[in-house]
Amino acid sequence: MNNLSKNYVNDEGNEETIVASSSDNYTVKLDNYTLSNQKGKKESKLSKKFKGSFLGADIGIKSGGFSTIAILATVIALAVLVTLYFIWRF
């Protein structure tokens, strides 16, 4: 049986071992494969700035508060009303 083991340190700081094995005559190679998602996904500077801004605020269950969502909804509603006023005026 062919075995390949790799030690790594998990998020809590504990050392873990990954074992990949093969019971047939094939050798086990894990040269270019990733077993899980990378720890730090690369994110562009523009997307980081947008997420940190007023327009990129989280509006889901884990959002920071209701006030930013209410202000954002008010700004969008006012922009729509002004746009409709100018469209229907002419």
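First, a word on what this report is: a plain description of the structure on this page. This structure is a prediction, so every number in the text was calculated from the model and none was measured.

The next subject is the overall build of the chain. Per the secondary structure count, the chain includes two helices and two strands. When its helices and strands are written in sequence order, the chain yields β-β-α-α. The buried share of the chain, reckoned over its 90 residues, is 4%. Contacts in the chain between residues at least 24 apart in sequence constitute 12% of all its contacts with a sequence separation of at least 6. As displayed, the chain offers around 8,600 Å² of accessible surface, 58% of which is attributable to carbon and sulfur atoms.

Take the packing of aromatic side chains next. Within a pair of aromatic rings, the relevant descriptors are the distance that separates the centres and the angle that separates the planes. Tallying each qualifying case throughout the model produces one aromatic pair. Ring geometry for Y85 and F86: centres 5.5 Å apart, planes at 70°, overall edge-to-face. Of the residues examined, F86 reaches a relative accessible area of 43% and is grouped as partly exposed.

Within the secondary structure, N10 sits in the loop between strand 1 (2-9) and strand 2 (15-22). Engagement of the side chain of N10 in a polar contact is seen with the backbone nitrogen of N14, the distance being 2.8 Å. Here E16 takes part through its side chain, which lies 3.4 Å from a polar atom of the side chain of N10.

Cut-off values and rules
- Residues numbered from 1 in each chain as written.
- Predicted model: local features only at pLDDT ≥ 70, side-chain atom pairs only at ≥ 80, totals over all residues.
- Heavy atoms only, no water.
- Helix = DSSP H or I, 4+ residues; strand = E, 2+ residues; numbered from the N terminus.
- Buried < 20%, exposed > 50% of the residue type's maximum accessible area, 1.4 Å probe, protein only.
- Contact = heavy atoms within 4.5 Å.
- Areas by Shrake-Rupley, 256 points an atom, 1.4 Å probe, with all protein chains shown as cover.
- Phe/Tyr/Trp six-rings, centres within 6.5 Å; stacked < 30°, edge-to-face > 60°.
- Polar contact = N/O pair within 3.5 Å; in protein donor to acceptor, adjacent residues only side chain to side chain.

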